[in-house]
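What follows is the residue order along each chain.
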Amino acid sequence: MSNNMLEINGLKKYFPINKGFFKKKVGDVKAVDDISFTLERGTTLAIVGESGSGKTTLAKTIMRFYDPTEGTINFDDRDITNIDQKELKLLRQQMQMVHQDPSTSLNPRKKIRDILEAPLLIHKVGNKQQREARIRELINLVELPEEFLNRNPHSLSGGQKQRIGIARALALNPKLVVLDEPTSALDVSVQAKIITLLRDLQKKLNLTYIFITHDLSLVRNFADQVAVMYLGSVVEYSDVETLYNHPLNPYTQSLLSSIPVVNENESKMLPNKIPLEGEIPSPTKMPEGCKFHTRCPYATEKCKQRPELEITKYGSRVSCHFAEDISEGKVKAGIR
Amino acid sequence: MMSKVLLSIEDLKVHFTSYEGTAKIINGVNIHLNEGEVISIVGESGCGKSVTVRSILGLVPTPPAKYVGGEILFENRNILKFTKDEMQKMRGQDISMIFQDPMTALNPVFTIGEQLMDVYMWKGKKRNILSRVNKKLKQEAYSRAIEVLEKMRIPDPTAIMKRYPVELSGGMRQRIVIAMALMHTPKLLIADEPGTALDVSVQDQILIELKRLVKEEGISMIFITHNLGVARIISDRVYVMYAGEVVEEGDAKTIFEESYHPYTNGLLASIPKLDGSMGDGIDGRIPNFLNPPVGCRFYDRCTERKSVCKDTRPDLINLLNKRKVACHLYSEGRN
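Presented here is an overview of the structure given in this document. (Residues numbered from 1 in each chain as written. Chains lettered and ligands numbered in written order. Predicted model: local features only at pLDDT ≥ 70, side-chain atom pairs only at ≥ 80, totals over all residues. Heavy atoms only, no water.)

## Observations regarding the overall build of chain B
For step 1, the next point in the chain: Secondary structure summary: chain B contains 12 helices and 12 strands in total.
For step 2, the next point in the chain: The globule rule puts the C-alpha radius of gyration for 335 residues at 20 Å, and the 21 Å found for chain B is close to it.
For step 3, the next point in the chain: Counting only residues that meet the buried cut, chain B has 53% of its 335 residues in that class.
For step 4, the next point in the chain: Intrachain contacts of chain B at a sequence separation of at least 6 include 64% that bridge at least 24 residues.
For step 5, the next point in the chain: Carbon and sulfur atoms make up 51% of the accessible area of chain B, which amounts to about 16000 Å² in all. (Helix = DSSP H or I, 4+ residues; strand = E, 2+ residues; numbered from the N terminus. Rg over C-alpha atoms; globule rule 2.2 N^0.38 Å. Buried < 20%, exposed > 50% of the residue type's maximum accessible area, 1.4 Å probe, protein only. Contact = heavy atoms within 4.5 Å. Areas by Shrake-Rupley, 256 points an atom, 1.4 Å probe, with all protein chains shown as cover.)

## What about the packing of aromatic side chains?
Residue and element names in this part refer to chain A.
For step 1, the next point in the chain: Taken as a whole and judged by the stated rule, the model has 11 aromatic pairs over all chains.
For step 2, the next point in the chain: Note on Tyr 230 and Phe 292: the rings are 5.1 Å apart at their centroids and 80° apart in plane angle, and the pair reads as edge-to-face. A residue pair is termed long-range when its members are at least 10 positions apart, and Tyr 230 in strand β8 (residues 225-230) and Phe 292 in the loop between α11 (264-268) and β10 (310-311) qualify at 62 residues. Side by side, Tyr 230 and Phe 292 carry an identical accessibility label, which is buried.
For step 3, the next point in the chain: Taken together, the ring pairs in this structure connect Tyr 209, Phe 211 and Phe 222 into an aromatic cluster. (Phe/Tyr/Trp six-rings, centres within 6.5 Å; stacked < 30°, edge-to-face > 60°.)

## Some details on the sheet that holds strand β11 (residues 317-318) of chain B
Residue and element names in this part refer to chain B.
For step 1, the next point in the chain: The 8 strands are arranged β6-β7-β8-β3-β9-β10-β12-β11 in an open sheet whose pairing can be described as mixed. Two strands lie at the open edges of the sheet, namely β6 (95-98) and β11, each paired on one side alone.
For step 2, the next point in the chain: Pairing of β11 with strand β12 (residues 324-325) involves 2 bridges; the strand directions are antiparallel. Residue pairing in the sheet places Ile 317 in a bridge with Val 325 of β12.
For step 3, the next point in the chain: Helix α1 (residues 49-56) rests against β3 (38-42), β6, β7 (188-192), β8 (220-225) and β9 (237-242) of the sheet, and its axis sits at about 150° to β8.
For step 4, the next point in the chain: On top of the sheet, helix α11 (residues 262-270) reaches β9 and β10 (245-251); it is set at about 100° to β9, its chief contact. (Pairing = 2+ DSSP bridges. Axes fitted to C-alpha atoms, helices over the stretch in contact; angles between N-to-C directions.)

## A few points about unusual backbone geometry
Leaving glycine aside, a negative phi is the common case for residues, and trans is the common case for peptide bonds.
For step 1, the next point in the chain: The phi angle at Asp 34 of chain A is positive, at roughly 60°, despite the residue not being glycine.
For step 2, the next point in the chain: Among the structural elements, Asp 34 of chain A can be located in strand β2 (residues 24-40).
For step 3, the next point in the chain: Owing to a relative accessible area of 47%, Asp 34 of chain A belongs among the partly exposed residues under this scheme.
For step 4, the next point in the chain: Of note, the phi angle at Thr 185 of chain B is positive, near 45°, even though the residue is not glycine.
For step 5, the next point in the chain: Note on placement: Thr 185 of chain B falls in the loop between α7 (170-181) and β7.

## What to know about the interface of chain A and chain B
For step 1, the next point in the chain: Facing the 39 residues of chain A at the interface are 40 residues of chain B.
For step 2, the next point in the chain: Both faces considered, chain A and chain B share a buried interface measuring about 3200 Å² in area, 53% of it formed by carbon and sulfur atoms.
For step 3, the next point in the chain: Looking only at chain A, the three residues that lose the most surface to chain B are Pro 260, Val 262 and Glu 279 of chain A, adding up to 20% of its buried area.
For step 4, the next point in the chain: Run the count over chain A and chain B and you get 1 salt bridge.
For step 5, the next point in the chain: Counting only elements with at least two residues in the side of chain A that touches chain B, the list comes to α7 (188-205), α8 (216-222) and α11 of chain A. (Buried area = accessible area lost by both parts, 1.4 Å probe. Salt bridge = Lys/Arg side-chain N within 4 Å of Asp/Glu carboxyl O.)

## Some remarks on the packing of helix α5 (residues 128-141) of chain A against helix α6 (residues 158-170) of chain A
All names here are of chain A.
For step 1, the next point in the chain: Direction vectors running N to C along α5 and α6 enclose 135°, while the axes themselves pass 9 Å from each other. It follows from the interaxial angle that α5 and α6 lie oblique. For the crossing formed where α5 meets α6, the hand is right-handed. On the side of α5, the interface is formed by Arg 134, Leu 138, Ile 139 and Leu 141, while α6 contributes Ile 164, Ala 167 and Leu 170.
For step 2, the next point in the chain: In terms of residue class, the contact of α5 with α6 is built from 6 nonpolar, no polar and 1 charged. (Parallel < 35°, antiparallel > 145°, perpendicular 65-115°, else oblique. Left-handed = near helix turned anticlockwise from the far one by under 90°. Nonpolar A, V, L, I, M, F, W, Y, C, P; charged D, E, K, R; others polar.)

## Considerations on the pattern of salt bridges
Residue and element names in this part refer to chain B.
For step 1, the next point in the chain: The full count for this structure, using the stated rule, is 35 salt bridges over all chains.
For step 2, the next point in the chain: We note a salt bridge from Lys 49 to Glu 193, for which the minimum N-O separation is 3.7 Å. On the criterion of sequence distance, the pair formed by Lys 49 in helix α1 and Glu 193 in the loop between β7 and α8 (200-217) is long-range, its members being 144 residues apart.
For step 3, the next point in the chain: Across the salt bridge formed by Glu 249 and Arg 237, the nearest N and O atoms sit 3.0 Å from each other. Placement of Glu 249 in strand β10 and of Arg 237 in strand β9 is noted, with a sequence separation of 12 residues between them.
For step 4, the next point in the chain: Taking relative accessible area as the criterion, Glu 249 reaches 4% and is therefore assigned buried.

## Re α7 of chain B
Residue and element names in this part refer to chain B.
For step 1, the next point in the chain: The end-to-end C-alpha distance of α7, which contains 12 residues, comes to 17 Å, matching closely the 16 Å that a straight helix rising 1.5 Å per residue would cover.
For step 2, the next point in the chain: With 12 of 12 residues buried, α7 is to be regarded as a mostly interior element.
For step 3, the next point in the chain: For α7, the full list of buried residues reads Gly 170, Gly 171, Met 172, Arg 173, Gln 174, Arg 175, Ile 176, Val 177, Ile 178, Ala 179, Met 180 and Ala 181. (Expected span 1.5 Å × (residues − 1).)

## Concerning the nonpolar core
For step 1, the next point in the chain: In this structure, Ile 164 and Ile 166 of chain A are the most contacted members of the largest nonpolar core, which totals 73 residues.
For step 2, the next point in the chain: Element by element, the count of residues in this core is highest for α7 of chain A, at 6 residues.
For step 3, the next point in the chain: Once residues within four sequence positions are removed from consideration, Ile 166 of chain A is found in contact with Val 98, Val 142, Ile 194, Leu 197, Leu 198 and Leu 201 of chain A.
For step 4, the next point in the chain: Counting 60 residues, the second-largest nonpolar core is a separate cluster that includes Phe 74, Met 87, Val 238 and Cys 302 of chain B. (Core = buried A, V, L, I, M, F, W, Y, C linked by side-chain atoms within 4.5 Å.)

## Notes on the side chain of Arg 134 of chain A
For step 1, the next point in the chain: Mapped onto the elements, Arg 134 of chain A comes out in helix α5.
For step 2, the next point in the chain: Discounting chain neighbours no more than four positions away, the residues touching Arg 134 of chain A are Leu 120, Leu 170, Ala 171 and Asn 173 of chain A.

## Notes on the pairing of β6 of chain B
All names here are of chain B.
For step 1, the next point in the chain: Taking every second residue as pointing to the same face, both faces of β6 are buried, with Ile 95 and Met 97 on one and Ser 96 and Ile 98 on the other.
For step 2, the next point in the chain: Both β6 and β7 contribute to a ladder of 4 bridges, which runs parallel. Note that in β7 the partner of Ser 96 across the bridge is Leu 189.

## Here we look at the side chain of Ser 270 of chain B
For step 1, the next point in the chain: Counting through the fold element by element, Ser 270 of chain B comes out in helix α11.
For step 2, the next point in the chain: Judged by its relative accessible area of 0%, Ser 270 of chain B falls in the buried class.
For step 3, the next point in the chain: Reaching out from Ser 270 of chain B, the side chain makes a polar contact with the backbone oxygen of Gly 266 of chain B at a distance of 2.6 Å.
For step 4, the next point in the chain: In contact with Ser 270 of chain B, other than residues within four places in its own chain, are Val 188, Ser 189 and Ala 192 of chain A together with Met 278, Gly 281 and Ile 282 of chain B. (Polar contact = N/O pair within 3.5 Å; in protein donor to acceptor, adjacent residues only side chain to side chain.)

Quick look at the structure:
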């Protein structure tokens, strides 16, 4: 058994654009464009990026909700890139997902008990008593009282609903859990509770997390590794400490600099303000060369060529022609 | 120099009638806003911040809502006593509002231009089918719309005017919604969580633009948000609300450096910090409004509660440095 839960190599997911009467293929939306990384057991990888950067598509491709266009996925020392539906169903016991909005991801007409029993029934686990025991175990695991089992989702608060969402994902003892912005619909005081719970569960059950988010301050508190995505590519990949202390890609820097912080001490920890112009371009009209060059304040002629992910002196992998120059202040913004 | 008070909400109490009984949602809120000032109201969902500001515009439907006490004074006139016509005249002209979700605040079947110009051309008269469109007014509205769009630094305003909302990105739509609120250069602008539906980088751009515009035009603003960091960036003063009451008030620069109320403390601790620290959050949930606690409404969740908190409601008292807090742990004039 190797130390890696997940090994992704050159993963691509293209969605065809069809036009005209015969639905002729005219191009591709490159939602996931050549991504490689490894994820160790029991650790957390955060995927950060603006909406439309392909975070969720990447996670869903890894879970094989989508068939990858190219590349390989190794999950738990096994190539799962091309396995068939039957095997996939068995595999899904090992990888589960917690969805973004707890009010829409729980069936309002079912009791909490039925919601938690559903994954056990689908995968034909145990008999009636065993299932009931498992349901009780689960609800205790997420620190909710057992009488909640007879309630409907609408009588629960947002935080409680999300706890049910987590319990459902854990029902089959998965090894990998994908958390798709699990706290974005919740208040901060509740968010802190859910994050603490997720951390405890990770320790207790030795879970591996993929944590999708756009909240960079949360990443610092939760993840071990961070992948910053922009238009389907990873532009910076490093461990959390390095990312916050030495962000090298201009996109990462600008994302960090726009975090609204609550006190002076914290604002000192942020990089200098990098104004971003405009918004993320449409993935159907992907910019040539470096995908970020249309909004980058440092962009020059050289940026018309695609930069590779290269290892920097801090150990992170960054795709930018000027990564180290920018960090040493050799290049100034605004010269085009 | 003492600046003039533009709006003051005095001891506002709002109840909602429901099937199960009367929900006492807003329980004596005091908020005042000087001319040219920007204040924020922060609090979690269900704390009554939206009901409070929507009351200013008369946007809370009555019934179910019932104003049982207090008054809202805008330029020394009580808004709650306004007739329907007076209210309609004030909306959009003196006071306007930026709504939360730019996806739903715009009408999908009209172009941006039509929607912006409508706001300008509406002068309190109902249009009947035979009345002619005033060409001069339309011309004026068009040039005003272009002017506002230029002020918002929207590239190529003439082209944007012909577009439909679906053709624009989220950030651009939010800018349009802001532009719409500025068509008449209101005296008071109410912003209900603009930018929360957007990415941080786009939200940041929009906040910068909004702050600049408000200062340039001398507009006073009430900014509602649940993000304390955003409140700190945009406003001069901050009100923290919990369960229909103001629990703490203070300068935006100092309130988060040193907070007094246990709720504010808990809220601040819950925010994930950049140095990697984060508190455990606040236990429990907001009280039942049908049968709220008689004393402090935070009693059930408070970590520093005393016996006095259960039965006596704490008043908002003055501390030193213009700080106000509603908590029994502190006494008047102390720090």
